[in-house]
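What follows is the residue order along each chain.
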Amino acid sequence: MIRLTVEETNLLSIYNEGGKRGLTENINAALPFMDEDMRKLAKRTLAKIAPLTENEYVELAIFAADEV
């Protein structure tokens, strides 16, 4: 299983819609509107989930981290 940072998990929870394909489409659509740091995070996150099958993606625990 892959390891995701809190930031990556939060990003996935924001754009998670319609499974892996929907998530990928949503993040790619948002890339032009992100600042440079956010684009780097988004691209790194997409690269981490790219090798996952749809079933593996569904098994990820994707939820926003609570604020402290």
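Reference entry: report on the structure contained in this document. (Residues numbered from 1 in each chain as written. Predicted model: local features only at pLDDT ≥ 70, side-chain atom pairs only at ≥ 80, totals over all residues. Heavy atoms only, no water.)

### Quick word on the packing of helix α1 (residues 6–15) against helix α2 (residues 19–30)
No. 1: Axis separation between α1 and α2 bottoms out at 9 Å; the angle between their running directions is 100°. When the interaxial angle is binned, α1 and α2 end up roughly perpendicular. Across the interface between the two elements, L11, L12 and Y15 from α1 touch G22, L23, N26, I27 and A30 from α2.
No. 2: Here the contact of α1 with α2 is composed, by residue class, of 6 nonpolar, 2 polar and no charged. (Axes fitted to C-alpha atoms, helices over the stretch in contact; angles between N-to-C directions. Helix = DSSP H or I, 4+ residues; strand = E, 2+ residues; numbered from the N terminus. Parallel < 35°, antiparallel > 145°, perpendicular 65-115°, else oblique. Contact = heavy atoms within 4.5 Å. Nonpolar A, V, L, I, M, F, W, Y, C, P; charged D, E, K, R; others polar.)

### Here we look at the side chain of T45
No. 1: With respect to the element layout, T45 can be found in helix α3 (residues 36–49).
No. 2: Given the relative accessible area of 0%, T45 is considered buried.
No. 3: For T45, the residues in contact, after removing those within four places along its chain, are E8, L11 and L12. (Buried < 20%, exposed > 50% of the residue type's maximum accessible area, 1.4 Å probe, protein only.)

### Thoughts on α1
No. 1: Among the residues making up α1, those that are buried are E8, T9, L11 and L12. All buried residues of α1 fall inside an arc of 160° around its axis, so they share one side. Residues of α1 that are exposed and angled more than 90 degrees away from the buried face: V6 and I14.
No. 2: Its buried side turned inward, α1 meets α2 and α3. (Arc of directions from axis to C-beta.)

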